[in-house]
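Single-letter residue listing:
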Amino acid sequence: MSTPTRPGTETPAEADTAARAAAGGPADHADLAIRASGLHKAYGSHVAVGSVDLEVRRGEVFGVLGPNGAGKTTTIEILEGFRHRSGGSVSVLGEDPGQAGRAWRNRIGIVQQSGTDHEGWRVGELVEQIGLCYSDPLPVREALELVDLADRPKALLGSLSGGQRRRLDLALAVVGRPELLFLDEPTTGLDPQARRDCWHMIERLRDEGTTVLLTTHYLDEAERLADRVAVLAGGRVREVAPPAELGGGDAGTEVSWREDGRTRTVTTAEVGPVLEELRARLGADVPGLEIRRPSLESRYLRLIEDAGRDRAGEDTHERSRTR
Ligand SMILES: Nc1ncnc2c1ncn2[C@@H]1O[C@H](COP(=O)(O)OP(=O)(O)OP(=O)(O)O)[C@@H](O)[C@H]1O
């Protein structure tokens, strides 16, 4: 697969921004590809997104995690300019997506959850047509090579497998060489090899300076790709952090050892003092020592459980207040 090329190379300012994004340092507004503050969306009396604050830096891959119904798609579609928000302020590449015009749309790429729906079209024709919407599209063959569909330009969309259609969606999203790519569950339905190919593609785009906002239910995907992730639950952002630091990083690390013929285990957020105490008591080579750090999955699930408890508390408070 070949790599898409963007006109011009990275400027020192872009390189600096990407380095700061990777380091997790503070971003000023010029560094931000996306800025949402108090983003709110209600359908009638149903609040889909309560109040979301988000800052996505230029050049980073930013993951949005959250359970079904948390408001991920609603949020991403507002950022894409496909849904109206009910409140809050939003800036995407410096413009309000609710007002932005064609020049702005030229700068973003989108893979939606629902996927492509043009049964009677041929793969190459569709990529070419979508490419015509952009000022400097990738050649059709290059876009198809990116997603391993270069051998199927004449195939009808109706004849593609679910995974192949998903890959075509990705080709359509990148054919305009976007500065900012929105990927809503991009690898759902892909086989393991195709998922990895998709990851490589996202990594290459990131290496070239493309900002990527992706939602996913696959925590290994977030861990592999995202510089930072936000956990959305109950219509609010619960935490934003690099995957390794989410939920307090080492909180809940299990330390096990053998003592008096039994395996003992403690769970701690401070591994150092526990090891010091064990070494002082049992010698430098602590028998049967094992340290298991909590996986992203267990830290994520804890955050979601905490969010559920907070919401239950808020509901109880609200009920007692309105009685
Ligand atoms: N058009 C709509 N009309 C009414 N309610 C909606 C509409 N779209 C979404 N919702 C509701 O808004 C909430 C958030 O939905 P959304 O699709 O944004 O969640 P999600 O986090 O993307 O979920 P999933 O992981 O299942 O894709 C849900 O309660 C959903 O039922």
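Since the model is a prediction, treat every value here as computed from it, not as a measurement. (Residues numbered from 1 in each chain as written. Predicted model: local features only at pLDDT ≥ 70, side-chain atom pairs only at ≥ 80, totals over all residues. Heavy atoms only, no water.)

A closer look at the packing of helix 6 (residues 162-174) against helix 7 (residues 192-207)
Right, so step 1: Contact geometry of helix 6 with helix 7 gives a least axis separation of 12 Å together with a crossing angle of 10°. When the interaxial angle is binned, helix 6 and helix 7 end up roughly parallel. Across from Arg167, Leu170 and Val174 in helix 6, the residues of helix 7 making contact are Ala194, Cys198, Met201 and Leu205. (Axes fitted to C-alpha atoms, helices over the stretch in contact; angles between N-to-C directions. Helix = DSSP H or I, 4+ residues; strand = E, 2+ residues; numbered from the N terminus. Parallel < 35°, antiparallel > 145°, perpendicular 65-115°, else oblique. Contact = heavy atoms within 4.5 Å.)

Some remarks on helix 6
Right, so step 1: Over its 13 residues, helix 6 extends 19 Å from the first C-alpha to the last, a length consistent with the 18 Å expected when each residue adds 1.5 Å.
Right, so step 2: Burial analysis of helix 6 places twelve of its 13 residues in the buried class, which makes it a mostly covered element.
Right, so step 3: Along helix 6, the residues that are buried comprise Gly163, Gln164, Arg165, Arg166, Arg167, Leu168, Asp169, Leu170, Ala171, Leu172, Ala173 and Val174.
Right, so step 4: In this structure, the buried residues of helix 6 make contact with strand 5 (108-111), helix 4 (123-131), helix 5 (140-146), strand 6 (180-184) and helix 7. (Expected span 1.5 Å × (residues − 1). Buried < 20%, exposed > 50% of the residue type's maximum accessible area, 1.4 Å probe, protein only.)

Here we look at the sheet that holds strand 12 (residues 290-292)
Right, so step 1: Taking strand neighbours across the sheet as the criterion, the three strands line up as 11-10-12 in an open arrangement whose pairing is antiparallel. Of all strands in the sheet, those with a lone pairing partner are strand 11 (262-268) and strand 12, marking the two edges. Neighbour to neighbour, the strand axes of the sheet diverge by 20° on average, direction disregarded.
Right, so step 2: Summarising the sheet, strand 10 (residues 253-259) and strand 12 pair through three bridges and their orientation is antiparallel. Across the sheet, residue Val255 finds its bridge partner in strand 12, namely Ile291. (Pairing = 2+ DSSP bridges.)

Focus on the side chain of Thr187
Right, so step 1: Within the fold, Thr187 resides in the loop between strand 6 and helix 7.
Right, so step 2: A relative accessible area of 0% means that Thr187 is categorised as buried.
Right, so step 3: There is a polar contact of 2.4 Å between the side chain of Thr187 and the side chain of Glu221.
Right, so step 4: Apart from the residues lying within four places of it in its own chain, the contact partners of Thr187 are Arg195, Cys198, Trp199, Tyr218 and Glu221. (Polar contact = N/O pair within 3.5 Å; in protein donor to acceptor, adjacent residues only side chain to side chain.)

Focus on the site of the ligand
Right, so step 1: With respect to spatial proximity, 15 residues lie near the ligand, and among them Gly69, Lys72, Thr73, Thr74 and His217 are the closest.
Right, so step 2: One of the side-chain nitrogen or oxygen atoms of Thr73 is found 2.8 Å away from an oxygen atom of the ligand.
Right, so step 3: Within the side chain of Thr74, one N or O atom sits 2.5 Å away from an oxygen atom of the ligand.
Right, so step 4: In terms of residue count, helix 2 (residues 72-79) provides more of the shell around the ligand than any other element does, three residues in total.
Right, so step 5: Here the shell around the ligand is composed, by residue class, of four nonpolar, eight polar and three charged. (Near = heavy atom within 4 Å. Nonpolar A, V, L, I, M, F, W, Y, C, P; charged D, E, K, R; others polar.)

A closer look at the pattern of salt bridges
Right, so step 1: Taken as a whole and assessed by the stated rule, the structure comprises 21 salt bridges.
Right, so step 2: Here Arg281 and Glu259 are joined by a salt bridge, their closest N and O atoms 2.4 Å apart. With a gap of 22 residues between them, Arg281 in helix 9 (residues 271-282) and Glu259 in strand 10 connect regions that are remote in the sequence.
Right, so step 3: Since its relative accessible area comes to 41%, Arg281 is described here as partly exposed.
Right, so step 4: Beyond isolated ion pairs, a larger network of salt bridges with shared partners links Glu259, Asp260, Arg264, Glu277 and Arg281. (Salt bridge = Lys/Arg side-chain N within 4 Å of Asp/Glu carboxyl O.)

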